[in-house]
Amino acid sequence: MIDYITDTKVNYRTERIKVTSSEIVYEELKEYSIAKQEHFIVCYLDGANHIIENRIITIGTLNQSLVHPREVFAPAIEKRASSIIIAYNHPSSILKPSEEDIQVTKKLKDASKILGIELLDHIILTENGFLSFRNEDLL
């Protein structure tokens, strides 16, 4: 069973954190790396790569979180975001992306091109570290 979250957990920014690396995103979202269920999170950024807000889009089961482009990009349009970074935790602590991870990234990358809201990175969070699709040339 998947719980869809709508505006339940939104971290609005008071300070202006500029994203210049995947390490900054990992530190920003590290609290989710130990969650027992998958949390699919989107960081919405302005034109200067400052985080506007982080939003949990879905909370899944132990090893699955379904997401649709409309849930990811609707807040981006509303917030006038220039770009996004998607992230979610792997409760298994496995840093290798699954085939489903790769397909979700491709679908969101295609939608981002149509909407003109750049998908900057896809980050897998675990308690042992993170994997950046951008750093691994998977994006």
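Structure's up top.
Every residue gets a number counted from 1 within its own chain, in the order that chain's sequence is written. Where local features are concerned, this predicted model is filtered to residues with pLDDT of at least 70; where side-chain atom pairs are given and counted, the filter is 80 or more; whole-chain, interface and lining totals use all residues. To get the side-chain values, all heavy atoms of the structure are used, and hydrogens and water are removed first.

(A) Region of the structure containing the pairing of strand β7 (residues 129–132). Pairing geometry for strand β6 (residues 118–126) and β7, over four bridges, is antiparallel. Note that in β7 the partner of I123 across the bridge is S132. Hairpin connection between β6 and β7: a loop of two residues separates the two successive antiparallel strands. By definition, two strands form a pair when at least two bridges between them are found by DSSP. Working definition: helices are DSSP H or I runs of at least four residues, strands are E runs of at least two. Numbering for both runs from the N terminus.

(B) The arrangement of a nonpolar patch on the surface in detail. Residues I77, I114 and L115 make up a contiguous nonpolar surface patch of roughly 310 Å² in combined accessible area. Take I77: it is sitting in helix α2 (residues 69–78). When a residue's accessible area, from a 1.4 Å probe over protein chains only, is under 20% of the maximum for its type it is buried; when over 50% it is exposed; and in between it is partly exposed. The exposure class assigned to I77 is partly exposed, which follows from its relative accessible area of 42%. Patch definition: residues above 30% relative accessible area lacking any salt bridge, with like charges linked at up to 9 Å and the nonpolar side chains Val, Leu, Ile, Met, Phe, Trp and Tyr linked at up to 5 Å. Here, Shrake-Rupley sampling with a 1.4 Å probe gives the accessible areas, and only protein chains in the shown set may cover a residue. When a carboxyl oxygen of Asp or Glu is within 4 Å of a side-chain nitrogen of Lys or Arg, the pair counts as a salt bridge.

(C) Inspection of the packing of α2 against helix α3 (residues 99–115) at higher detail. Angles run from 0 to 180 degrees between N-to-C directions of axes, and those axes are lines fitted to C-alpha atoms, restricted for helices to the stretch in contact. α3 packs onto α2 with a crossing angle of 35° between their chain directions and a minimal axis gap of 10 Å. By crossing handedness, the relation of α2 to α3 is classed as right-handed. Each of P69, V72, F73 and I77 in α2 lies in contact with α3, whose residues at this interface are K107, L108, A111, S112 and L115. The nonpolar class holds Ala, Val, Leu, Ile, Met, Phe, Trp, Tyr, Cys and Pro. Asp, Glu, Lys and Arg form the charged class, and all remaining residues, Gly among them, are polar. For the contact of α2 with α3, a count of residues per class yields seven nonpolar, one polar and one charged. With the far helix as reference, a near helix turned anticlockwise by less than a right angle produces a left-handed crossing, and one turned clockwise produces a right-handed crossing. Contacts are residue-level and defined by heavy atoms, with any inter-residue pair within 4.5 Å sufficient.

(D) Representation of the packing of aromatic side chains. Think of it this way: a Phe, Tyr or Trp ring, Trp meaning its six-membered ring, pairs with another when their centres are within 6.5 Å, and the plane angle makes it stacked under 30 degrees, edge-to-face over 60, tilted otherwise. Counted by the stated rule, this structure contains two aromatic pairs. Taking the centre distance of 5.0 Å and the plane angle of 25° together, the rings of Y26 and F130 count as stacked. Of this pair, Y26 sits in helix α1 (residues 22–29) while F130 sits in strand β7, and the two are 104 residues apart along the sequence. Relative accessible area serves as the criterion here: at 7%, Y26 is assigned to the buried category.

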